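Coordinate inspection notes
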Amino acid sequence: MKRKQREYPVELRSGSAILRGMVHHPGYSPHPAVILYHGFTGNRMESRFLFVQFARRLAAGGWGCVRFDFSGSGESDGEFKEMTLGREIEEGKEILRYVRRREGADPGKVFLCGFSMGGVVATHVAASMPECVRGLCLWAPAGNMREIAEACFRTGIPLPDGGVDLEGIALGRPFYEELKEWDLYEGISAYKGPVMILHGDRDESVPPEWGRRYLQVYGASSRFHSIPGADHVFSRISWREELFSVSIAFFKDVLGQDGDR
């Protein structure tokens with residue numbers, strides 16, 4: 001019997017903000033689910049619809065998927081200048097709690113998948129709630145966010161409140177101040193579950209060595225997959241096909257399944 005997939009918008013309160021997202025339901029319950037965390041200045045669709053494509057691919061294969069805009073990004077409440085990594089981590093935890101209690105999702109089969117700074121968010125959410133995460137998939141995880149923040153404030157147009165004009169959006173000073181002394185790799189090894197790291201070998205925004213450092217931190221429970229020629233946003237169909245196929249194969253392998261789910 002063919003399953004009837006559904007897509008529908010949802011809202012979630014996190015602190016004083018309403019986060020807006022999209023659920024992709026594979027048409028049966030209970031189902032395994034993947035949470036997608038977007039990157040710095042990104043949103044729940046991501047560059048050239050990266051997250052939409054992946055979410056629909058997952059649903060077609062029998063997996064649920066949930067993707068939210070963090071506060072200050074996309075259509076969620078708040079201003080981008082109020083964004084900090086710590087705040088996104090707290091919102092990431094709230095999203096994970098929401099998915100685990102959502103009707104239809106199997107709470108024991110929830111995976112996190114983070115892109116760029118969303119990968120950093122995913123590592124810290126998993127470290128804080130390890131018993132709630134079945135597996136962790138990182139796409140070009142931005143362990144160099146401190147260096148990126150420094151570059152933004154060094155080269156950006158200063159604003160009166162201490163922030164900078166970042167190509168038309170205001171980036172707040174608290175984002176930079178929080179990251180100045182933060183080793184983003186510290187503490188994340190509290191998560192002992194399986195980890196897959198995927199990185200384009202021509203990524204100039206987050207060079208591959210930053211992704212390989214996660215391999216060193218997670219050790220034997222982790223794997224690294226390099227996509228030849230791929231840039232930071234995986235901007236070719238062939239690169240995305242490899243990204244999606246390897247990620248889904250990882251999810252299936254963790255569950256020990258040979259079928260679609």
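Here goes a summary of the coordinates provided. (Residues numbered from 1 in each chain as written. Predicted model: local features only at pLDDT ≥ 70, side-chain atom pairs only at ≥ 80, totals over all residues. Heavy atoms only, no water.)

Further remarks concern the state of the cysteines. Per the stated rule, a full pass over the model turns up 0 disulfides. For Cys113, which is in no disulfide, the shortest distance to another cysteine sulfur is to Cys137 and amounts to 4.2 Å. (Disulfide = S-S within 2.5 Å.)

Glancing now at the side chain of Ser247. Relative to the elements of secondary structure, Ser247 occurs in helix H7 (residues 237-255). Here Ser247 falls in the buried class, since its relative accessible area comes to 0%. With residues near it in sequence (within four places) discarded, Ser247 still touches Phe54, Cys137, Trp139 and Leu198. (Helix = DSSP H or I, 4+ residues; strand = E, 2+ residues; numbered from the N terminus. Buried < 20%, exposed > 50% of the residue type's maximum accessible area, 1.4 Å probe, protein only. Contact = heavy atoms within 4.5 Å.)

What follows covers the pattern of salt bridges. All chains considered together, the criterion is met by 13 salt bridges. Glu94 is the salt-bridge partner of Arg97, the closest N and O atoms lying 3.3 Å from each other. Of the two residues, Arg97 and Glu94 both sit in helix H2 (residues 85-101), 3 residues apart, roughly one turn of that helix. Taken together, the shared-partner salt bridges in this structure form one network comprising Glu11, Arg20 and Asp77. (Salt bridge = Lys/Arg side-chain N within 4 Å of Asp/Glu carboxyl O.)

Here the bond from Ser29 into Pro30 is cis, since omega is -5 degrees, no more than 30 degrees from zero. Its place among the elements puts Pro30 in the loop between strand E2 (17-25) and strand E3 (31-37). The phi angle at Glu46 is positive, at roughly 65 degrees, despite the residue not being glycine. Position of Glu46 relative to the elements: it lies in the loop between E3 and helix H1 (50-60). Although it is not a glycine, Glu167 adopts a positive phi angle of roughly 50 degrees. Classification of Glu167 as exposed rests on a relative accessible area of 82%.

As a further point, take the side chain of Glu46. It is Arg240 that comes nearest to the buried, bridge-free Glu46 among opposite-charge side chains, at 7.7 Å. If we skip the residues at most four places from it in the chain, Glu46 touches His38, Gly39, Phe51 and Phe115. (Lys, Arg positive; Asp, Glu negative; His and termini not counted.)

On to the packing of aromatic side chains. Given two aromatic rings, one states the distance between the centres and the angle between the planes to describe the pair. Summed over the entire model, instances satisfying the criterion amount to 14 aromatic pairs. Geometrically, the ring pair formed by Trp63 and Phe111 is edge-to-face, given 5.6 Å between the ring centres and 65 degrees between the ring planes. Of this pair, Trp63 sits in the loop between H1 and strand E4 (64-68) while Phe111 sits in strand E5 (residues 105-115), and the two are 48 residues apart along the sequence. A relative accessible area of 1% places Trp63 in the buried class. Here Phe111 falls in the buried class, since its relative accessible area comes to 0%. Counting every residue linked through ring pairs, the aromatic cluster contains Phe51, Phe54, Trp139 and Phe244. (Phe/Tyr/Trp six-rings, centres within 6.5 Å; stacked < 30°, edge-to-face > 60°.)

Before going further, it helps to spend a moment on the packing of H1 against H7. Interhelical geometry of H1 versus H7 gives an angle of 45 degrees and a closest axis separation of 11 Å. What the angle tells us is that H1 and H7 run oblique. Every pair of crossing elements has a handedness; the one defined by H1 and H7 is right-handed. Judged by residue contacts, Leu50, Gln53, Phe54, Arg57 and Leu58 of H1 engage Arg240, Glu241, Leu243, Phe244, Ser245, Ser247, Ile248 and Phe251 from H7. Partitioned by chemical class, the residues of the contact of H1 with H7 number 7 nonpolar, 3 polar and 3 charged. (Axes fitted to C-alpha atoms, helices over the stretch in contact; angles between N-to-C directions. Parallel < 35°, antiparallel > 145°, perpendicular 65-115°, else oblique. Left-handed = near helix turned anticlockwise from the far one by under 90°. Nonpolar A, V, L, I, M, F, W, Y, C, P; charged D, E, K, R; others polar.)

Keep in mind that these numbers describe shape and distance, not what the molecule does.
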